[in-house]
Structures are given as structure tokens and as C-alpha cells.
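# Examining the three-dimensional arrangement
Below are the chains, spelled out letter by letter.
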Amino acid sequence: MKKSTILISLTIFIIMLICIGGYFIMQNHEKQEAKQQFLSEESPRIEKYLKYNYKNIENVTFTNADITGMGTPYIEGYVNGDKDLYITASIYGKHFEKNVGMPIEMYDWAKFPTDKSVSEIEKEENANK
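Below: a short report on this structure.

Scoring rules and cut-offs
As a convention, each chain's residues are numbered from 1 in the sequence order in which they are written. Note on the predicted model: pLDDT of at least 70 is required for a residue's local features to be given, and 80 or more for side-chain atom pairs to be given and counted; whole-chain, interface and lining totals, by contrast, use all residues. Only hydrogens and water are removed before side-chain values are computed, so all heavy atoms of the structure are retained for them. Numbering goes from the N terminus for both helices and strands, where a helix is a DSSP run of H or I of at least four residues and a strand is a run of E of at least two. As used in this structure description, the phrase polar contact means that two N or O atoms lie within 3.5 Å; if the pair is within protein, one of them must be able to donate a hydrogen and the other to accept it, and residues adjacent in sequence are counted only when both atoms belong to side chains. Contact definition: two residues touch when any of their heavy atoms are within 4.5 Å. By the convention used here, strands pair only if DSSP detects at least 2 bridges between them. Burial status follows relative accessibility: with a 1.4 Å probe on protein chains alone, a residue under 20% of its type maximum counts as buried, one over 50% as exposed, and anything between as partly exposed. Here, nonpolar core means buried Ala, Val, Leu, Ile, Met, Phe, Trp, Tyr and Cys residues that are tied together by side-chain atoms lying within 4.5 Å of each other.

Further remarks concern the side chain of Glu 42. Among the secondary structure elements, Glu 42 is positioned in helix 1 (residues 2-53). Within the structure, Glu 42 has its side chain in polar contact with the side chain of His 95 (distance 2.6 Å). Among residues more than four places away in sequence, those in contact with Glu 42 are Ile 75, Lys 94, His 95 and Phe 96.

Here the focus is the sheet that holds strand 4 (residues 100-101). The four strands are arranged 1-2-3-4 in an open sheet whose pairing can be described as antiparallel. Pairing within the sheet leaves two strands with one partner each, and these edge strands are strand 1 (60-67) and strand 4. Here strand 1 runs beside strand 2 (residues 73-79); their pairing, made up of seven bridges, is antiparallel. Bridge pairing links Phe 62 to Gly 77 in strand 2.

Our next topic: unusual backbone geometry. Of note in this structure, Asn 80 is not a glycine but carries a positive phi near 55°. Along the chain, the position of Asn 80 falls in the loop between strand 2 and strand 3 (82-90). Look at Asn 80 and you get partly exposed, because its relative accessible area is 24%. For Asn 99, which is not glycine, the phi dihedral falls at a positive 100°. Inspection of the secondary structure puts Asn 99 in the loop between strand 3 and strand 4.

Here the focus is the nonpolar core. In this structure, Leu 50, Ile 57, Val 79, Ile 87, Phe 96, Val 100 and Met 106 are the most contacted members of the largest nonpolar core, which totals 21 residues. Elements with a minimum of two residues in this core: helix 1, strand 1, strand 2 and strand 3. The greatest single-element share of this core, amounting to five residues, is contributed by helix 1. Discounting residues that sit within four places of it in the chain, Ile 57 has contacts with Leu 50, Lys 51, Val 79, Asn 80, Met 106 and Trp 109.

Take the environment of Lys 55 next. Positionally, Lys 55 belongs in the loop between helix 1 and strand 1. Owing to a relative accessible area of 42%, Lys 55 belongs among the partly exposed residues under this scheme. Taking the C-alpha atoms as reference points, Lys 55 and Phe 38, 17 residues apart in sequence, are found 26 Å from one another. Dropping the residues within four chain positions of it, Lys 55 is found in contact with Trp 109, Ala 110 and Lys 111.

When strand 2 meets strand 3, the two strands line up antiparallel, connected through six bridges. In the sheet register, Tyr 78 faces strand 3, and the bridge partner there is Tyr 86. In this antiparallel pair of consecutive strands, strand 2 and strand 3, the connection spans two residues, and Asn 80 shows a positive phi of 55°. As defined by bridge partners, strand 3 adjoins strand 4 across two bridges and the pair is classed as antiparallel. Bridging across to strand 4, Ala 89 finds its partner in Val 100.

Any functional reading would require information that these geometric values do not contain.
Structure (C-alpha cells):
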């Protein structure tokens, strides 16, 4: 009698572990998919901002998307294939507009005294069409 009770309890415990593990795997998968979607939506905006406002930017490589402890989404990457030219773009509001952290040397590449936001760039592009 005791052996069957122990066997049933052990079986239930194993089934619960499998279910809990499956739940966490699904949560992680959904989180990774959300990051990828976020990255694919915002990365063109970040690249447009950088190429418009700064000289010498040939390409941008994005490496990570995440959320700070304060709940601010951000995207990391680097420019021109040089990992020393790292960037971190914070997204405040619905979409990326401006706010990129970068090495000091990249600030020397600025084309304007004040960066234009992505909305301002798009407005200018639409006016020129």
C-alpha cells in the first residue's frame, strides 16, 4: 500500500515539474519573439536617425533589445562593424524618436548643433517629395 502511494505521489510530482518547466519555456519563447518584433520595428527608425544626424555612419548592427529595471525599452548595437562604436537607443513613448548613448568620439560626427527626431526627419522627407 505504501509503495503505491509513494509511486502515485512521485508520478504526480514529475508531471507537475514537466508542466511548470514547459510553462517557463513557453514564457521565455514568447519574450524572445516580442524582443525580435520590437527590434524589427524600431531598428529602421534608429538607423534613419543615426544616418541623418551623423556623418561617417555606413551601417548599424543591432545586437540586443531589452527593458531597463525602470521599464524603459532599449536597443543596443554598434556602427560600421566596430564594436567599440557601441550605441544604446532608449525608447520613450510608442516609438524611437531620439536619445542614443554613444562614445564621445561619435559626437564629433554630428551634422547639426541639435539632432532631429525621427518624426522631424520623416516630416522633412515627406515635404521634399
